[in-house]
Amino acid sequence: MSQLFELVASKHRSFVVLATLRLPGHPLRRFTKEEAAILSRALDSVAKGDRGEQQQIYMSPIASDHDFDARVEQSGIIVSSEGQADVELDWSETRAMAEQLRSFASV
């Protein structure tokens, strides 16, 4: 499996620390620890099959100029960004993203 995303922690003067999510061809998205924890739980939930009627995961992070918007599909999630090509993450990659966000949030 090739990892289609990168999550990097960095110091920030106002938020102390932020996680920056990089997806190919997409603008950077920055999350506080609290936002990373929330998004991690949402990704875990859909990856475990607890989807119910949920067809989308959406978050507008406070420290980011770009929203996180992902459709939930049978094979994983599809992250979109206006004017950019969609990035498809299978369930394995989705769980890996959730784990990295969770790890960042717990430090």
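The following paragraphs examine the structure supplied in this document. (Residues numbered from 1 in each chain as written. Predicted model: local features only at pLDDT ≥ 70, side-chain atom pairs only at ≥ 80, totals over all residues. Heavy atoms only, no water.)

### Notes on the nonpolar core
Counting 26 residues, the largest nonpolar core has Phe68, Ile77 and Met97 as its most contacted members. When residues of this core are traced back to their parent elements, those giving at least two are strand E2 (16-22), helix H1 (33-47), strand E4 (56-59), strand E5 (68-73), strand E6 (76-80), strand E7 (87-90) and helix H2 (91-105). Ignoring anything within four residues of it in the chain, the contact list for isoleucine 77 reads Leu43, Val46, Phe68, Ala70, Arg71, Val72, Val87, Glu88, Leu89, Trp91 and Thr94. (Core = buried A, V, L, I, M, F, W, Y, C linked by side-chain atoms within 4.5 Å. Buried < 20%, exposed > 50% of the residue type's maximum accessible area, 1.4 Å probe, protein only. Helix = DSSP H or I, 4+ residues; strand = E, 2+ residues; numbered from the N terminus. Contact = heavy atoms within 4.5 Å.)

### So, the side chain of glutamate 35
On the secondary structure map, glutamate 35 appears in helix H1. For the buried residue glutamate 35, which engages in no salt bridge, the nearest side chain bearing the opposite charge is arginine 30, 10 Å off. Dropping the residues within four chain positions of it, glutamate 35 is found in contact with Arg30, Met59, Ser60, Pro61 and Ile62. (Lys, Arg positive; Asp, Glu negative; His and termini not counted. Salt bridge = Lys/Arg side-chain N within 4 Å of Asp/Glu carboxyl O.)

### Re the sheet that holds E4
Here 4 strands make up an open sheet; going across it, the order is E4-E5-E6-E7 and the pairing antiparallel. Two strands lie at the open edges of the sheet, namely E4 and E7, each paired on one side alone. Within the sheet, the average angular offset between the axes of one strand and its neighbour, ignoring direction, is 20 degrees. Pairing of E6 with E7 involves 4 bridges; the strand directions are antiparallel. If you follow isoleucine 77 over to E7, its bridge partner there is leucine 89. Where H1 meets the sheet, it contacts E4, E5 and E6, and its direction lies at approximately 180 degrees from that of E4. (Pairing = 2+ DSSP bridges. Axes fitted to C-alpha atoms, helices over the stretch in contact; angles between N-to-C directions.)

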